[in-house]
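# Observations on the three-dimensional arrangement
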Amino acid sequence: MFGFKEAEHFGDFPEGGGYPHRFLTYAYERMGVTKPSQVLHVCSGSMATGVTVDIRPVCTPRVVADARHLPFRDNTFQWMLCDPPYSADYAENLYGTGSSYPSPHQLVNECLRVLQVGGHLGFMHHMVPKFHKPGRMVGVWGITQGPGYNIRAWTLFTKDGA
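Below: a short report on this structure. Given the structure is predicted, the values throughout are model-derived calculations rather than measurements.

What follows is about the overall build of the protein. Along the protein, the regular secondary structure elements total three helices and eight strands. Walking the protein from its N terminus toward its C terminus, one meets helices and strands in the order β-α-β-β-β-β-α-α-β-β-β. Here the protein, with 162 residues, has 49% of them falling under the buried criterion. A separation of at least 24 residues holds for 60% of the contacts in the protein among residues at least 6 apart in sequence. Of the accessible surface of the protein, which amounts to about 8,600 Å², a share of 54% is contributed by carbon and sulfur atoms.

This is the structure we're talking about:
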């Protein structure tokens, strides 16, 4: 349907993580990541690699910040991954952060601000977010844990030059 491949199947969640098993390898390959330590992880949760940003200090991110206002200059990162809570209810009930829940549209545009021209942003959500130029959608893949789990959209963006 819509010219995309069937949903990709990954294993169970790794202990303490939010991405499906082997997903990071899959994402890094599609994004052309050559230095995983330089990937910015927004709404990073328990991610242990790369540059991590989360609003919750308990997650021990490298940077504690609200993803709606990333504390980085424009055009800073070549690669970014973002996996925010999928609704204000999820944000509140799971993490106690409902009052600072970013809309996916707002969040993807803030991520595009700090993404370098030609860089890649992978965005995981239940919806494909709206975005502004110079962002450009490269593709959308369905990601699932397997039968009985909800499907999520992993949208890959790039940033075009001025």
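Let's shift gears to the nonpolar core. The biggest cluster of nonpolar side chains holds 22 residues, and the ones touching the most others in it are Leu40, Val42, Met80 and Leu121. Those elements that place two or more of their residues in this core are strand E2 (40-42), strand E3 (51-54), strand E5 (77-82), helix H3 (104-114) and strand E6 (115-125). Core analysis: the second largest hydrophobic core is formed by 17 residues, Val39, Met47, Leu81 and Tyr86 among them.

Here the focus is a nonpolar patch on the surface. Taken together, the side chains of Tyr90, Leu94 and Tyr95 present a nonpolar region at the surface, about 310 Å² in accessible area. Mapped onto the elements, Tyr95 comes out in helix H2 (residues 88-95). Relative accessible area serves as the criterion here: at 38%, Tyr95 is assigned to the partly exposed category.

Time to look at the pattern of salt bridges. For the coordinates displayed, the defined rule picks out six salt bridges. Across the pair Glu29 and Arg30 runs a salt bridge, and its minimum N-O distance is 3.9 Å. Judged by its relative accessible area of 58%, Glu29 is exposed. Two residues, Asp54 and Arg56, come together in a salt bridge whose shortest N-O distance is 3.0 Å. Assessed through its relative accessible area of 5%, Asp54 is described here as buried. On the accessibility criterion, Arg56 (17% relative accessible area) is buried.

A few words on the pairing of E3. Side-chain positions along a regular strand alternate between the two faces of the sheet. Residue alternation in E3 divides its side chains into two sets, Val51 and Val53 and Thr52 and Asp54, and both sets are buried. Sheet analysis places E2 next to E3, joined by three bridges and oriented parallel. The residue of E3 that forms the bridge with His41 is Thr52. Taken together, the two bridges between E3 and strand E4 (residues 63-64) define a ladder with parallel strand orientation. When the sheet's bridge partners are listed, Asp54 is paired in E4 with Val64.

The rules behind these values
- Residues numbered from 1 in each chain as written.
- Predicted model: local features only at pLDDT ≥ 70, side-chain atom pairs only at ≥ 80, totals over all residues.
- Heavy atoms only, no water.
- Helix = DSSP H or I, 4+ residues; strand = E, 2+ residues; numbered from the N terminus.
- Buried < 20%, exposed > 50% of the residue type's maximum accessible area, 1.4 Å probe, protein only.
- Contact = heavy atoms within 4.5 Å.
- Areas by Shrake-Rupley, 256 points an atom, 1.4 Å probe, with all protein chains shown as cover.
- Core = buried A, V, L, I, M, F, W, Y, C linked by side-chain atoms within 4.5 Å.
- Patch = residues over 30% accessible without salt bridge, like charges linked within 9 Å, V, L, I, M, F, W, Y side chains within 5 Å.
- Salt bridge = Lys/Arg side-chain N within 4 Å of Asp/Glu carboxyl O.
- Pairing = 2+ DSSP bridges.

Read these as layout, nothing more, since geometry by itself doesn't imply function.
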